[in-house]
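Chain by chain, the residues:
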Amino acid sequence: MSFKRGKGKDEEDYFSKHAPPKKTSKKDNSPDDSGDEDDIFICDVSKNRRVSVRNWQGKVVVDIREFYMKDGKQMPGKKGISLSMDQWKELRAHVDEIDKALA
């Protein structure tokens with residue numbers, strides 16, 4: 001009984017014809033130099049945190065996000081929150097209560 005190592009010719013042909021599509025790099029979505037007109041930079045909350053309004057998957061969101069430096073560019077990080085318009089309106093409706101709780 002003999003065992004072959006590696007793929008046989010039939011397997012190689014199958015995988016070369018049915019290979020998943022090649023991955024491409026994602027477009028840089030940084031507010032500084034993105035070509036996306038849907039991003040509206042609002043303000044820096046701190047050194048690495050920003051607020052922006054943008055169109056994401058066809059919906060307008062208020063995005064509060066941390067950024068980091070990579071190759072001299074500010075890039076959006078994973079840490080953050082995107083609020084839908086309904087969520088943003090609900091938060092705004094409770095600003096006075098939040099201010100009172102913080103005082």
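Residues numbered from 1 in each chain as written. Predicted model: local features only at pLDDT ≥ 70, side-chain atom pairs only at ≥ 80, totals over all residues. Heavy atoms only, no water.

## Regarding the sheet that holds strand β1 (residues 40-46)
Step number 1: Pairing in this open sheet of four strands is antiparallel, and the strands run β1-β2-β3-β4 from one edge to the other. Unpaired on one side and paired on the other, β1 and β4 (73-84) mark the two borders of the sheet. On average, adjacent strands in this sheet sit at an angle of 35° to one another, irrespective of strand direction.
Step number 2: Where β1 meets strand β2 (residues 49-56), five bridges bridge the pair, whose relative direction is antiparallel. Paired with C43 across the two strands is V51, which belongs to β2. (Pairing = 2+ DSSP bridges. Helix = DSSP H or I, 4+ residues; strand = E, 2+ residues; numbered from the N terminus. Axes fitted to C-alpha atoms, helices over the stretch in contact; angles between N-to-C directions.)

## Overview of the pairing of β2
Step number 1: Between the end of β1 and the start of β2, which pair antiparallel, lie two residues.
Step number 2: Alignment of β2 against strand β3 (residues 59-70), held across eight bridges, turns out to be antiparallel. By the bridge assignment for β3, N55 is matched with V60.
Step number 3: A loop of two residues connects β2 with β3, the two strands running antiparallel in sequence, and Q57 in this loop sits at a positive phi of about 50°.

## Overview of the packing of aromatic side chains
Step number 1: According to the stated counting rule, one finds zero aromatic pairs in the structure shown.
Step number 2: The residue whose ring lies beneath R50 is F67, and the NZ or CZ to ring-centre distance is 4.7 Å. (Phe/Tyr/Trp six-rings, centres within 6.5 Å; stacked < 30°, edge-to-face > 60°. Lys NZ or Arg CZ within 6 Å of the ring centre and 35° of its normal.)

Structural measurements only, silent on function.
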